[in-house]
Amino acid sequence: MTSANTPEHAATPESPRDAARGNDDEALKATAPTSGRAAEDLRYYRTEPVSFVRRGSRLQGRRLRAWERYASDYLIEVPRDIADTSVSGQATFDQLTTFGRRAPLTVEVGSGLGEAIVAQAAAHPERDFLAVEVYTPGLAQLMLRAGKQGLTNVRVIQANAPEVFEHLLAPGSVDEVWVFFPDPWHKSRHHKRRLVKPSFARHVATALRAGGTWRLATDWAEYAEHMRDVLDPDEAFENVHGGWAPRFDGRVQTSFESKAIAAGREIFDLTYRRL
Ligand SMILES: C[S@@+](CC[C@H](N)C(=O)[O-])C[C@H]1O[C@@H](n2cnc3c(N)ncnc32)[C@H](O)[C@@H]1O
């Protein structure tokens, strides 16, 4: 949540190693190994810069209690590569085993505090929902919301989303993908960190079933244009509205969006269909 200037969301890498995992340019130069297994393991992060910076992940109070109480119900543990937000190439995910049924699956990337996905999981018990987020307090808050309502159709994975798509989600297995208010990385030297780019579009195109939907929203006009520059010409997708989409009914106003509106920023929605 780069542009949410609360202390909780401030970018404060926990250690040089965490910063390297988050691919902070300077930290990488200073700390990244240049040889041996560690260098080998960090290669992914050099060729595909991650779209987040690790923030304080220490849990306290009700979020700590929520994690202890609900992680066994909601958190999907995945085998890692070296970084603690990575996903091993050996990892597997089976929706039938996880949810005990086959139902249309929505995947939210960067679920933040979980407002949108928990509201939709409660409203649509006939669907399954998977939140992919790296931010520990956000995941704790999401599990607290879901746990209070006794939801059984939502799960969370704490991992770098492109790796979840690459290694965990079977081709054609997802009905909807949501990317709401991805970190804008507004400085041009940081644009390479943006989540929405051609390589991520390939992952989403593979995971979505034919006819499946990719919904996006941003409060950053230039990122909104960038999303269209990436996705409008992509032959795997059709821009459902031929331009900006109306607000998706199921996208509840999150605290993040409220701050953007209070700051006077316009909100842009986009909807694409997998062809
Ligand atoms: C600006 S916040 C928006 C959160 C939420 N969607 C909302 O609308 O309130 C972006 C979120 O995406 C998460 N994020 C960024 N890159 C990610 C990645 N590669 N994998 C998983 N989560 C990511 C961040 O940790 C952050 O919580």
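Residues numbered from 1 in each chain as written. Predicted model: local features only at pLDDT ≥ 70, side-chain atom pairs only at ≥ 80, totals over all residues. Heavy atoms only, no water.

Trainee: Break down helix α8 (residues 136-148) for me, with residues and values.
Mentor: Look at α8: 18 Å from first C-alpha to last across 13 residues, which is about the 18 Å you get at 1.5 Å a residue. Here α8 lies mainly inside the structure; 11 of its 13 residues are buried. Looking at α8, one finds that the buried residues are Thr136, Pro137, Gly138, Leu139, Ala140, Gln141, Leu142, Met143, Leu144, Ala146 and Gly147. Remark: Gly150 follows α8 within two positions and exhibits a positive phi of approximately 65°. (Helix = DSSP H or I, 4+ residues; strand = E, 2+ residues; numbered from the N terminus. Expected span 1.5 Å × (residues − 1). Buried < 20%, exposed > 50% of the residue type's maximum accessible area, 1.4 Å probe, protein only.)

Trainee: Now, about the site of the ligand: what can you tell me, with residues and values included?
Mentor: Taken together, 19 residues form the shell around the ligand, and within it Ser51, Gly110, Glu133, Asn160 and Phe180 come nearest. Within the contact set of the ligand, a nitrogen atom lies 2.7 Å away from a side-chain nitrogen or oxygen of Ser51. Here an oxygen atom of the ligand and a side-chain polar atom of Glu133 are 2.5 Å apart. Here the ligand has 600 Å² of accessible area as a free molecule, and 97% of this is covered by the chains. For the shell around the ligand, the secondary-structure elements that each account for two or more residues are β2 (128-133) and α9 (161-167). Classifying every residue of the shell around the ligand gives 11 nonpolar, 5 polar and 3 charged. Taken domain by domain, the shell around the ligand gets at least three of its residues from each of domain 1 (1-56) and domain 2 (58-274). (Near = heavy atom within 4 Å. Polar contact = N/O pair within 3.5 Å; in protein donor to acceptor, adjacent residues only side chain to side chain. Areas by Shrake-Rupley, 256 points an atom, 1.4 Å probe, with all protein chains shown as cover. Nonpolar A, V, L, I, M, F, W, Y, C, P; charged D, E, K, R; others polar. Domains from an automatic or database assignment.)

Trainee: Describe the sheet that holds strand β7 (residues 268-274), and please don't skip the residues or the numbers.
Mentor: The strands making up a sheet are joined through hydrogen bonds of the backbone, oriented either antiparallel or parallel. Taking strand neighbours across the sheet as the criterion, the 7 strands line up as β3-β2-β1-β4-β5-β7-β6 in an open arrangement whose pairing is mixed. With one partner strand each, in any of the chains shown, β3 (154-158) and β6 (237-239) form the two edges of the open sheet. On average, adjacent strands in this sheet sit at an angle of 20° to one another, irrespective of strand direction. In this structure, strand β1 (residues 105-109) lies alongside strand β4 (residues 174-180), joined through 4 bridges in parallel fashion. Counted as the bridge partner of Val107 is Val177 from β4. (Pairing = 2+ DSSP bridges. Axes fitted to C-alpha atoms, helices over the stretch in contact; angles between N-to-C directions.)

Trainee: So what's going on with the UniProt feature "binding site: substrate" (unreviewed entry) in the chain? Which residues, and what values?
Mentor: UniProt's entry tags Lys187, Asp219, Thr254, Ser255, Phe256 and Glu257 with the feature "binding site: substrate" (unreviewed entry), counted in the numbering of this structure. Counting through the fold element by element, Asp219 comes out in the loop between β5 (208-218) and α11 (221-231). A residue is classified by how much of its surface remains accessible, and Asp219, at 3% relative accessible area, is buried. At 2.7 Å, the side chain of Asp219 forms a polar contact with the side chain of Arg265. Note on placement: Ser255 falls in helix α12 (residues 255-262). The residues touching Ser255, leaving out its near neighbours within four places in the chain, are Leu113 and Glu115. (UniProt positions renumbered as here; feature names shortened; annotations may be inferred. Contact = heavy atoms within 4.5 Å.)

Trainee: Let's hear about the side chain of Glu108: which residues, and what values?
Mentor: Tracing the chain through its elements places Glu108 in strand β1. Salt bridges are absent for the buried Glu108, whose nearest opposite-charge side chain, Arg251, sits at 8.6 Å. Leaving out residues up to four positions away in the same chain, Glu108 has contacts with Ala116, Ile117, Leu130, Ala131, Val132, Trp178 and Phe180. (Lys, Arg positive; Asp, Glu negative; His and termini not counted. Salt bridge = Lys/Arg side-chain N within 4 Å of Asp/Glu carboxyl O.)

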